[in-house]
Amino acid sequence: MKMMHMAHCVTLVQLSISCDNLIDKDIGSKSDPLCVLLQDVGGGKWAELGRTEQVRNCSSPEFSKTLQLEYHFETVQKLRFGIYDIDNKTPELGDDDFLGGAECSLGQVSSQELKDNRVVTMEVEARNLDKKDFLGKSDPFLEFFRQGDGKWHLAYRSEVIKNNLNPTWKRFSVPVQHFCGGDPSTPIQVRCSDYDSDGSHDLIGTFHTSLAQLQAAPAEFECIHPEKQQKKKSYKNSGTIRVKICQVETEYSFLDYVMGGCQINFTVGVDFTGSNGDPSSPDSLHYLSPTGVNEYLTALWSVGSVVQDYDSDKLFPAFGFGAQVPPDWQVSHEFPLNFNPSNPYCSGIQGIVDAYRQALPQVRLYGPTNFAPIINHVARFAGQATHQRTASQYFVLLLLTDGAVTDVEATREAVVRASHLPMSVIIVGVGGADFEAMEQLDADGGPLRTRSGEAAARDIVQFVPYRRFQNAPREALAQTVLSEVPMQLVSYFKAEGWAPFKPLPLPAKDPVQTHQA
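Only a predicted model underlies this, so the values are computations on that prediction, with no experimental measurement involved. (Residues numbered from 1 in each chain as written. Predicted model: local features only at pLDDT ≥ 70, side-chain atom pairs only at ≥ 80, totals over all residues. Heavy atoms only, no water.)

Q: Which residues make up the pattern of salt bridges, and what values go with them?
A: Throughout the structure, instances matching the rule amount to 13 salt bridges. Of the charged contacts, one joins Arg127 and Glu125 as a salt bridge, the two residues approaching to 3.1 Å between their closest N and O atoms. Note that Glu496 is salt-bridged to Arg389, the shortest N-O span being 3.9 Å. With Glu496 in helix H12 (residues 485-496) and Arg389 in the loop between helix H8 (372-386) and strand E23 (393-401), this pair connects stretches of sequence that are 107 residues apart. Each of Glu123, Glu125, Arg127, Arg171, Arg242 and Lys244 takes part in one network of salt bridges that share partners. (Salt bridge = Lys/Arg side-chain N within 4 Å of Asp/Glu carboxyl O. Helix = DSSP H or I, 4+ residues; strand = E, 2+ residues; numbered from the N terminus.)

Printed below as a string of structure tokens:
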């Protein structure tokens, strides 16, 4: 019953963002704004929850991408909205102009509860659009607006297709609640416009419909320009818009999969390479303080204490890598911390800590720093789990390391292969080394690729340097490290088309009966 209680306590909200009269940072044009949402995680640290799309050349943007977050009534959730003028393609914001921001609590902002977990997925094309550009054709894009409160609210904006009167836009998905307020009969206005870099987009044409009508896809609509229609008796249309696909499907959340019985299998890998320093020296990253802790153990406790709640048996395989191990003192890149290859499982996070403390004096720190063997080790189990073809298991590998990876190409290959499996890799950098190679594995700037050019199916690596959180509350590290895992899990099962393993329980009609049960 504890699990049912958890499901009903978590409420998702979505925030729609718009701005008015932003300052212009670009010379000769308006700014190209984007909104970033951050949440206070304590200790002066802020964790990014999401960001909108960028709207080019616009001082009063209405962003079509909504930002979703969990609402917890019992806590004050401090939010920070940052507006940036984006002038490059890098995901970092430090090299972009900050236009301004605002801070408030989630309880203060007007938000919409996401009770409807359905999404509408559409694929749209156009034919014979009007030519709007003097020296070219048109650069068309679409905007969908829902009617509510006597106004039209932006629900989705497509990409721009350059110089094309017969475009096919990318398939897109929008939450049904955001698209039409959950009501298929809500009036929807679709506007097709010609993009201009100065922000003065020209209307090609528009039409009105509803989700109910769109679901009859394939459906065709005449794109009408009201002024042309009034002026010319012979006017027919400014082109046709064809909805090729319109499907409404349930989109499951991380919590839906966990409630459906998905087990999170947690594996730990600890770096025992020589660059950590002699464990008997206070300068070593493996040196155990008089209280029996070090950076490795603190990071392990922070992340492990959260993950272990999603694993029913609390038995975690734990490995070391980069050390010479007894009895033959060969270098191993995946030796069990308890020195039991047939049963490398430790009981709970405390079991991993105990095994680590016992292993430390029994091995010789050596090298190199190879990640591929332990990633491939976990990937073998994740691969076996896919044979069940159910959303019953997901694997999380936590790597604790002090420096740059040595087998870069082999690690890239391993990560790209693992991206096709129900698996995530979390890397926590311990110490003050240069972790640039780790940032590349994180692949926030684009998909990770092997030397032959094969791209990862999805981003499965999250890297965080421990020292950034050294003086922050322990939960701040865990929240940042684990922030991408729910999305990674959902994206994998969604791509495979797997619903939660067990049917989700229906809400009880009588809360008293539920409590007694």
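Next comes the rest of the account.
Q: Mind laying out the layout of surface pockets, listing which residues take part and the relevant values?
A: Size it by volume and the second largest pocket reaches roughly 560 Å³. In terms of residue class, the lining of the second largest pocket is built from 6 nonpolar, 7 polar and 7 charged. (1 Å grid on protein atoms, 1.4 Å probe; cavity = no way out; pocket = protein on both sides within 12 Å on 5 of 7 lines; lining within 4 Å. Points joined across faces, edges and corners; volume = space filled by probe spheres on them. Nonpolar A, V, L, I, M, F, W, Y, C, P; charged D, E, K, R; others polar.)

Q: I'd like a description of the pairing of strand E12 (residues 188-194), backed by residues and values.
A: Of all 7 residues in E12, 6 are buried; the element is thus mostly enclosed. Inspection of the sheet shows E12 paired to strand E13 (residues 202-209) by 7 bridges, in the antiparallel sense. Within the sheet, the bridge partner assigned to Val190 lies in E13 and is Phe207. (Buried < 20%, exposed > 50% of the residue type's maximum accessible area, 1.4 Å probe, protein only. Pairing = 2+ DSSP bridges.)

Q: An account of H12 is needed here, citing residue identities and associated values.
A: In this model H12 runs 17 Å from its N-terminal to its C-terminal C-alpha over 12 residues, within 8% of the 16 Å that 1.5 Å per residue would give. For H12, the full list of buried residues reads Val485, Gln488, Leu489, Val490, Tyr492 and Phe493. Here the buried face of H12 lies against helix H5 (254-259), strand E16 (263-271), H8, E23, strand E24 (423-429) and strand E25 (461-465). Taken from the residues just after H12, Gly497 is the one with a positive phi, measuring 75°. (Expected span 1.5 Å × (residues − 1). Contact = heavy atoms within 4.5 Å.)

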